[in-house]
Structure formats: structure tokens, C-alpha cells
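# Coordinate inspection notes
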Amino acid sequence: MIELKVRKIGEGLGVELPSTVIQALDAREGDTVYLVNMLNGSYRLARHDENFVEEMELVEGMMHEEDA
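Below: a short report on this structure. In this text the structure is predicted, and so the values were computed from the model without any measurement.

With 4 bridges connecting them, strand 1 (residues 6–9) and strand 2 (residues 12–15) associate as antiparallel partners. Opposite Val-6, over in strand 2, you have Val-15 as the bridge partner. Between strand 1 and strand 2, which pair antiparallel in sequence order, lie 2 residues; one of them, Gly-10, sits at a positive phi of approximately 60°.

A separate point is unusual backbone geometry. Positive phi values are uncommon outside glycine, yet Asp-26 reaches one of about 55°. With respect to the helices, strands and loops of the structure, Asp-26 is situated in the loop between helix 1 (19–25) and strand 3 (33–37). Its relative accessible area of 45% is what places Asp-26 among the partly exposed residues.

Cut-offs and rules
- Residues numbered from 1 in each chain as written.
- Predicted model: local features only at pLDDT ≥ 70, side-chain atom pairs only at ≥ 80, totals over all residues.
- Heavy atoms only, no water.
- Pairing = 2+ DSSP bridges.
- Helix = DSSP H or I, 4+ residues; strand = E, 2+ residues; numbered from the N terminus.
- Buried < 20%, exposed > 50% of the residue type's maximum accessible area, 1.4 Å probe, protein only.

Right under this line is the structure:
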């Protein structure tokens, strides 16, 4: 488990990702990453992946249909 400290950044709050996480995401400055809310209430940090984004949008749509 990696501990992240929440810090004030400008007018908002943010966290600094350790280099090991950046390397695992294969992220570079200016890249987009996503913080995805999972079904169990946890979150997943993911690099931009168009297929993953489309799949999550479908799942979220199905979840809302089930609530109706």
C-alpha cells in the first residue's frame, strides 16, 4: 500500500504520486490519468486507455439503468 499526503496546491488540494507509481502508469508530464470509482467504493488510478474508458462508461450506464 502506498501512502499519499493531501496537500494544498494553488486554490485546491492534490497528491504527489511517487516515481514508482508514475513508472507503473507509464505516465509523462501532460498525460491524462483517471481516478475510477469502483463498485466496492474503492478507487483505481489508471492511465488513459480509450477501450477502458468506453468499457467504464458502459458499466456506469448499466448501473444507472438497474437503479431505475
